[in-house]
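If you want the building blocks of each chain, they are given just below.
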Amino acid sequence: TDDNATEPQSNGRTLVWRSVDNNVTNWGHDLVIAAADGQRPVSLSLPGVGLESLGNRFLAYWRANVGWTNLTLYDTTTGTIDLVEQHGPGDPWQLQQGWTLAAGDLLVIRRATESAAPPQVCWASLPHAS
């Protein structure tokens, strides 16, 4: 019933959507995680959020205002945000926008650098949903 809700995703156990202002193509200001039927919603205030993908247990998302340095996942089982990868100042490698994907129990990311080095496509097996 929220006029600002967009891009719903479900894995059969969890329902996720993004809240935006005025236009569905804008970066969001909240991610809402609920039971598959939409009950018991929990809102995460994440300004600049978008490009989310929901796996079996983990929700991957992108934050425009954080830059290309951190990869965090939301664990739908524990309700926690977990830092997976972080790149600091002077690190030539950065996460490439739009290339972070959680699908099933698989996480895929792409790292890129401004040098002539080819990008790195990386993957990890994620813990199963309980």
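This structure is a prediction, so every number in the text was calculated from the model and none was measured.

Cut-offs and rules
Residues numbered from 1 in each chain as written. Predicted model: local features only at pLDDT ≥ 70, side-chain atom pairs only at ≥ 80, totals over all residues. Heavy atoms only, no water. Helix = DSSP H or I, 4+ residues; strand = E, 2+ residues; numbered from the N terminus. Rg over C-alpha atoms; globule rule 2.2 N^0.38 Å. Buried < 20%, exposed > 50% of the residue type's maximum accessible area, 1.4 Å probe, protein only. Contact = heavy atoms within 4.5 Å. Pairing = 2+ DSSP bridges. Axes fitted to C-alpha atoms, helices over the stretch in contact; angles between N-to-C directions. Salt bridge = Lys/Arg side-chain N within 4 Å of Asp/Glu carboxyl O. Core = buried A, V, L, I, M, F, W, Y, C linked by side-chain atoms within 4.5 Å. Lys, Arg positive; Asp, Glu negative; His and termini not counted. Polar contact = N/O pair within 3.5 Å; in protein donor to acceptor, adjacent residues only side chain to side chain.

(A) A look at the overall build of the protein chain. Secondary structure assignment for the protein chain yields 0 helices and 11 strands. Secondary structure elements in the protein chain, listed N-terminal to C-terminal, are β-β-β-β-β-β-β-β-β-β-β. Here the protein chain has a C-alpha radius of gyration of 15 Å; the compact-globule value for 130 residues is 14 Å, and the two agree. C-alpha extents for the protein chain along the principal axes are approximately 50 × 35 × 20 Å. Put simply, the protein chain has 130 residues, and 38% of those count as buried. Taking contacts inside the protein chain between residues at least 6 apart in sequence as the whole, the part at least 24 apart equals 28%.

(B) Summary view of the sheet that holds strand 7 (residues 80-86). In spatial order, the strands read 1-2-3-4-5-6-7; together these 7 strands make up an open sheet with antiparallel pairing. Looking at which strands have only one partner, the edges of the open sheet turn out to be strand 1 (5-10) and strand 7. Neighbour to neighbour, the strand axes of the sheet diverge by 45° on average, direction disregarded. Taken together, the 6 bridges between strand 6 (residues 70-75) and strand 7 define a ladder with antiparallel strand orientation. Among the inter-strand pairings, leucine 73 is bridged to a residue of strand 7, identified as aspartate 82.

(C) Broad picture of unusual backbone geometry. Residue glutamate 7 is not a glycine yet carries a positive backbone phi of 55°. Along the polypeptide, glutamate 7 turns up in strand 1. Judged by relative accessible area, which is 38%, glutamate 7 ranks as partly exposed. Non-glycine residue leucine 51 carries a positive phi angle of around 55°. By the element assignment, leucine 51 lies in strand 4 (residues 42-54). Residue classification places leucine 51 among the partly exposed residues on the basis of a relative accessible area of 42%.

(D) Summary view of the pattern of salt bridges. Applying the stated criterion to the full structure yields 4 salt bridges. Across the pair glutamate 7 and arginine 18 runs a salt bridge, and its minimum N-O distance is 2.9 Å. Residue glutamate 7 is located in strand 1, and its partner arginine 18 is located in strand 2 (residues 14-19); the two are separated by 11 residues in the primary sequence. The salt bridge involving arginine 111 is made with glutamate 85; its shortest N-O contact spans 2.5 Å. Of the two residues, arginine 111 is situated in strand 10 (residues 106-112) and glutamate 85 in strand 7; the sequence distance between them amounts to 26 residues. Given the relative accessible area of 12%, glutamate 85 is considered buried. The structure contains a network of salt bridges with shared partners spanning Glu7, Arg18 and Glu52.

(E) Quick peek at the nonpolar core. Membership of the largest hydrophobic core is limited to 11 residues, which are Phe58, Ala60, Trp62, Leu71, Leu73, Leu95, Ala102, Leu107, Ile109, Cys122 and Leu126. The element contributing the most residues to this core is strand 5 (residues 58-63), with 3 residues.

(F) Spotlight on the side chain of aspartate 105. With respect to the element layout, aspartate 105 can be found in the loop between strand 9 (101-103) and strand 10. Here aspartate 105 occupies a buried position and makes no salt bridge, while the nearest side chain of opposite charge, arginine 13, is found at 6.4 Å. Of the polar contacts made by the side chain of aspartate 105, one reaches the side chain of histidine 128; its length is 2.5 Å. Each residue touching aspartate 105, except ones within four places of it in the same chain, is listed here: Asn56, Ala124, Ser125, Leu126, Pro127, His128 and Ala129.

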